[in-house]
Amino acid sequence: MRSAAFFAAGLALLFVLFVARMFAGPLAVVKHVPLASPAVVRAVVAAARHVSEATRVPPPEGTILDAPAGYDPDGITVPWPEVLAVLATQRENDFAGLEESLPACVDRAPPGYVRDPGGGPGRYVRLERDRRGRERAVDPVTVCSEWYPRAAYEAARAVAWEYADEHEGAARVRRTECETTPDGRTRCRTYETDVTVRWYEARSLEEVMTRLGLSAAERGQVRAFLAFDLTSLRDLHDALPGGDGAPCAAPGWRPVPQPGWIWPVPGVFRVTSCFGPRVDPVELLDGFHAGLDIGAPTGAMVVAARPGRVTQTGPAGACGLGVRIDHLDGTATRYCHLSRVDIRPGGWIAGGAVIGAVGSTGKSTGPHLHFEVYRHAGPVDPLLYYRP
Ligand SMILES: [Zn+2]
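In short, a report on the structure.

Calculation rules
- Residues numbered from 1 in each chain as written.
- Predicted model: local features only at pLDDT ≥ 70, side-chain atom pairs only at ≥ 80, totals over all residues.
- Helix = DSSP H or I, 4+ residues; strand = E, 2+ residues; numbered from the N terminus.
- Contact = placed C-beta atoms within 7 Å.
- Core = buried A, V, L, I, M, F, W, Y, C linked by C-beta atoms within 7 Å.
- Buried ≥ 20, exposed ≤ 12 C-beta atoms within 10 Å, placed from the backbone.
- Pairing = 2+ DSSP bridges.
- Axes fitted to C-alpha atoms, helices over the stretch in contact; angles between N-to-C directions.
- Parallel < 35°, antiparallel > 145°, perpendicular 65-115°, else oblique.
- Left-handed = near helix turned anticlockwise from the far one by under 90°.
- Nonpolar A, V, L, I, M, F, W, Y, C, P; charged D, E, K, R; others polar.

A word on the overall build of the chain. For the chain, the helix and strand inventory stands at nine helices and 17 strands. Look at the contacts in the chain between residues 6 or more apart in sequence, and 69% of them connect residues 24 or more apart.

Here we take up the nonpolar core. Core analysis: the largest hydrophobic core is formed by 34 residues, its most contacted members being Val-44, Ala-47, Ala-48, Val-83, Leu-87, Ala-156 and Ala-160. Of all the secondary structure elements, the ones that give two or more residues to this core are helix 2 (38-54), helix 3 (80-90), helix 5 (151-161), strand 6 (186-202), helix 6 (205-211) and helix 7 (216-226). Per-element tally for this core: the top contributor is helix 2, with nine residues. Apart from residues lying up to four places away in sequence, Ala-160 is in contact with Ala-47, Ala-48, Val-51, Val-78 and Val-83. If you look at the next biggest cluster of nonpolar residues, it comprises 30 residues, including Val-323, Tyr-335, Phe-371 and Tyr-386.

The antiparallel open sheet is built from three strands, whose spatial order is 2-3-4. Strands at the two margins of the open sheet, each flanked by one partner only, are strand 2 (114-115) and strand 4 (135-142). Relative to strand 4, strand 3 (residues 123-129) is paired through six bridges, and the arrangement is antiparallel. In the sheet register, Arg-129 faces strand 4, and the bridge partner there is Glu-135.

Here strand 10 (residues 308-315) pairs with strand 14 (residues 348-349) via two bridges, running antiparallel. Across the sheet, residue Gly-308 finds its bridge partner in strand 14, namely Ile-349.

Attention now goes to unusual backbone geometry. For Asp-139, which is not glycine, the phi dihedral falls at a positive 45°. Along the polypeptide, Asp-139 turns up in strand 4. On the basis of neighbour count, Asp-139 is assigned to the exposed category, with 10 C-beta atoms found within 10 Å. A positive phi angle, near 65°, is found at His-337, a position not held by glycine. Looking at the secondary structure, you find His-337 in strand 12 (residues 331-338).

Our next topic: the environment of Arg-136. By the secondary structure assignment, Arg-136 is in strand 4. Distance from Arg-136 to Val-125, taken between C-alpha atoms, is 9.3 Å for residues 11 residues apart in sequence. Ignoring sequence-local partners within four residues, the contact set of Arg-136 consists of Glu-128 and Asp-130.

Packing of helix 3 against helix 7 brings their axes to within 9 Å, and their N-to-C directions diverge by 135°. Here helix 3 is positioned oblique relative to helix 7, judged by the angle of their axes. The crossing of helix 3 and helix 7 is right-handed. Note on element contacts: helix 7 touches helix 3 through Glu-218, Gln-221, Val-222, Phe-225 and Leu-226, opposite Pro-81, Glu-82, Ala-85, Val-86, Ala-88 and Thr-89.

Pairing in this open sheet of three strands is antiparallel, and the strands run 9-15-13 from one edge to the other. The outermost strands of the open sheet, each flanked by one partner alone, are strand 9 (301-303) and strand 13 (340-341). When strand 9 meets strand 15 (residues 354-357), the two strands line up antiparallel, connected through three bridges. Bridge pairing in strand 15 places Val-303 opposite Val-354.

Structurally, Ala-85 can be placed in helix 3. A tally of 27 C-beta atoms within 10 Å means that Ala-85 is categorised as buried. Separated by 137 residues in the primary sequence, Ala-85 and Val-222 place their C-alpha atoms 5.3 Å from one another.

Attention now moves to the packing of helix 3 against helix 5. Direction vectors running N to C along helix 3 and helix 5 enclose 115°, while the axes themselves pass 10 Å from each other. Viewed along their axes, helix 3 and helix 5 form a crossing whose handedness is right-handed. Contacts between helix 3 and helix 5 involve Val-83, Val-86 and Leu-87 from the former and Ala-155, Ala-156, Val-159 and Ala-160 from the latter. Along the lines of polarity and charge, the residues of the contact of helix 3 with helix 5 split into seven nonpolar, no polar and no charged.

On to helix 3. Among the 11 residues of helix 3, 10 are classified as buried, and the element is accordingly described as predominantly covered. Here helix 3 has its buried residues at Trp-80, Pro-81, Glu-82, Val-83, Leu-84, Ala-85, Val-86, Leu-87, Ala-88 and Thr-89. Once helix 3 ends, the next one or two residues include Glu-92, with phi positive near 50°.

Here is the structure:
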């Protein structure tokens, strides 16, 4: 009897541990992910873009013969998830003060728009003539990067600019100058000259944090934020306790694959994040969710959705450990965040063959398969192939 009671107590303890383990993921998400609103994320993305545009320096006139090492007139790319993580750390995840009076705004004024003289900073309008030929301003828009006081934008831009390391150096260019002589002939002369060129290089996150004076604890916090996939904030809602199933595939949903297609995680149909609709302003920017997230435990089998040639395996940035398969009809499928890859690139693979196992590598909020389908080089909603 006693041993039976002990056994029951042991079982109960195991169950508690199991439940605690299950919730460890979601709780960690609540604690660590910057809980920024879409407005703040938009401001951060706009600020990062602004820096990318502002650091594009037109190359000098003529043909460059010799330039300093590292010279690159293209603007730098500022990683907005890093900016958001730094801001969240600096503000202890409290964006309230930043969000006040954020208007709807656009990255840049649409073509044909002019600055509205009476409209304040960042206001642009379209000019239209009425029947009497009088000009009037219509359809005003606000350009995010020019509107003040946009606290969130300003804060984000301050962090984003820390990424831009400015350089200057001497370059040699060849130029050709032509002139028309009084007798109507064109005379050209080619010469070489030294000019000063300016360019930007992106600093690393570590350097940026040093420049911003973040403490060791704060740096750890930033890295913890970045362990999660900030590019698909939609994931967060699904990862929070109580969230189960995404709107594109309600709980109990079952795939009905199109001919030749196989569901990539056999037996697991829990879709935790949908293919991002373009109407979402956050997703519309850099964070567009280009795939489908299938919530499955680490180690769950992942299979090829259809036959094809394996074109990539191994670590691939935010995708983590990934696999890409090109199919004969021009579609391709990609599998991300794997814990293990069982195949090599170059070979042909049958539909349904095991390619690896679910994991949480790369920028991921927890174990799941991020599954992408490409058609005509662009990502499409994978569910297109799993519905009648
Ligand atoms: Zn995903």
